[in-house]
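The residues making up each chain are set out below.
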Amino acid sequence: EAMEESSQGSFVTTINEEYETICWGCGLNLVLPSYAPVFKCGWCGAITNQNPVRLETRNFGLRRFRDRCFVLILAVFMLFVICGGIWAAFPVVFSISLACGIFHSVTAVSLAISTLSTFILVAFKCAGKPIDIVYGTHPGVGSGALNNYTFCHHCSKPKSPRTHHCRTCGMCVLDMDHHCPFIGNCVGAGNHKNFIAFLISAVISTIYAAVMCVYTLIHILPPLENQAAYASDMAHANSLSVLRVVKNITLAYIANAIFVSVRGLVLVYLFVASFSVAIGLSVLLWQQLSYIYEGKTYLSHLSSQGSEEDGEKSCGNLLKFFGCPLLIERYLPTIRNLRKRHKT
């Protein structure tokens, strides 16, 4: 850069437009036509960011402590639903009939084992460790070997396009979907299937618990005084009067609630808690399956918002994710073609 003084007292600056830098991926010296904070190597395809954004690490301990508390709360809630349901519901179920009690016992134990085992797997299994690859030497890095790779300055390792650094776990996670504080772990390539299995098992378990609570409450609540009259009104009522009869029955049961024992109160609380958790987990499960159907993760969905990039939406993505046989996928194009013809 040179500066010359003109006759009028002003300064004229001459700028060299070529900048020389080094690619972290292959170690080659690159000559750029102009300064750029982010550039892509023409040989290995690695992306270099000369002004990396440092992630905050001040609250790392607080985030880990928060996750541990959430994991403990979720574990206590699952144990409460299991133990509370056994104490409150199963004596009543076995009093109805032995076969009914055995059936519900086997179902409850199976769902409890499935939910707890998948929760332990998704919470303590590695979310996905990136593959260690050679970088930094031109002879060892082939052409396009690090295409769209970036460099993590925290882990001092390359990051593949679908790898992200989690500031809570303090590591890079392959195919990271999100960090879930309730399991105290990231959801990535290593435990994504376990996370979906946990959601499915938890949704079925909470719905079953809610149904069992209602079924048991019906048998322990005091009988209605005008039960025959309510049944007759329901049989001869139209749409508007049906709502009125249902309202009267609900108010009658609420009026009898003062006679409900401690067992009944526990069942009411279990129903409200299980039903609300089932709704929330169902929404989360549907969201996860939608992203898998689109061939994306939650983070890739956020990064693609506002852009024209759109993944290929296909049921084959779901089959590939769950490891189903690819023979089923050959029937899917026929279904898609039928839909297109119907639209046209």
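Residues numbered from 1 in each chain as written. Predicted model: local features only at pLDDT ≥ 70, side-chain atom pairs only at ≥ 80, totals over all residues. Heavy atoms only, no water.

- Per an unreviewed UniProt entry, the chain goes by S-acyltransferase and derives from Brassica napus.
- One UniProt comment on the chain, placed under Catalytic activity (unreviewed entry), says "L-cysteinyl-[protein] + hexadecanoyl-CoA = S-hexadecanoyl-L-cysteinyl-[protein] + CoA".
- Database annotation for the chain, UniProt heading Sequence similarities (unreviewed entry): "Belongs to the DHHC palmitoyltransferase family." (UniProt positions renumbered as here; feature names shortened; annotations may be inferred.)

### Some thoughts on the overall build of the chain
Item 1. The helix and strand inventory of the chain stands at ten helices and twelve strands.
Item 2. Counting only residues that meet the buried cut, the chain has 33% of its 344 residues in that class.
Item 3. When contacts within the chain are restricted to residue pairs at least 6 apart in sequence, those whose partners lie at least 24 apart make up 57%. (Helix = DSSP H or I, 4+ residues; strand = E, 2+ residues; numbered from the N terminus. Buried < 20%, exposed > 50% of the residue type's maximum accessible area, 1.4 Å probe, protein only. Contact = heavy atoms within 4.5 Å.)

### A short note on the packing of helix α4 (residues 192-220) against helix α7 (residues 262-293)
Item 1. At their nearest, the axes of α4 and α7 sit 8 Å apart, and the two run at 150° to each other. Between α4 and α7, the angle is such that the two are roughly antiparallel. Crossing of α4 over α7 shows left-handed handedness. (Axes fitted to C-alpha atoms, helices over the stretch in contact; angles between N-to-C directions. Parallel < 35°, antiparallel > 145°, perpendicular 65-115°, else oblique. Left-handed = near helix turned anticlockwise from the far one by under 90°.)

### Quick look at the side chain of Ser-160
Item 1. Relative to the elements of secondary structure, Ser-160 occurs in the loop between β8 (157-159) and β9 (163-166).
Item 2. Residue classification places Ser-160 among the buried residues on the basis of a relative accessible area of 14%.
Item 3. A polar side-chain atom of Ser-160 sits 2.4 Å from a polar atom in the side chain of Thr-163.
Item 4. Ser-160 has contacts with Tyr-149 and Leu-174, leaving out every residue within four places of it along the chain. (Polar contact = N/O pair within 3.5 Å; in protein donor to acceptor, adjacent residues only side chain to side chain.)

### Quick look at the pairing of β9
Item 1. Judged from the four bridges that link them, β9 and strand β10 (residues 171-174) form a sheet pairing that is antiparallel. By the bridge assignment for β10, Cys-166 is matched with Met-171.
Item 2. Connecting β9 to the next strand, β10, in antiparallel fashion are four residues, including Gly-170 with a positive phi near 75°. (Pairing = 2+ DSSP bridges.)

### Remarks on the environment of Ala-202
Item 1. By the element assignment, Ala-202 lies in helix α4.
Item 2. Distance in space between the C-alpha atoms of Ala-202 and Phe-119 is 9.1 Å, their sequence separation being 83 residues.
Item 3. Residues contacting Ala-202, with those up to four places away along its chain left out, are Thr-115 and Leu-281.

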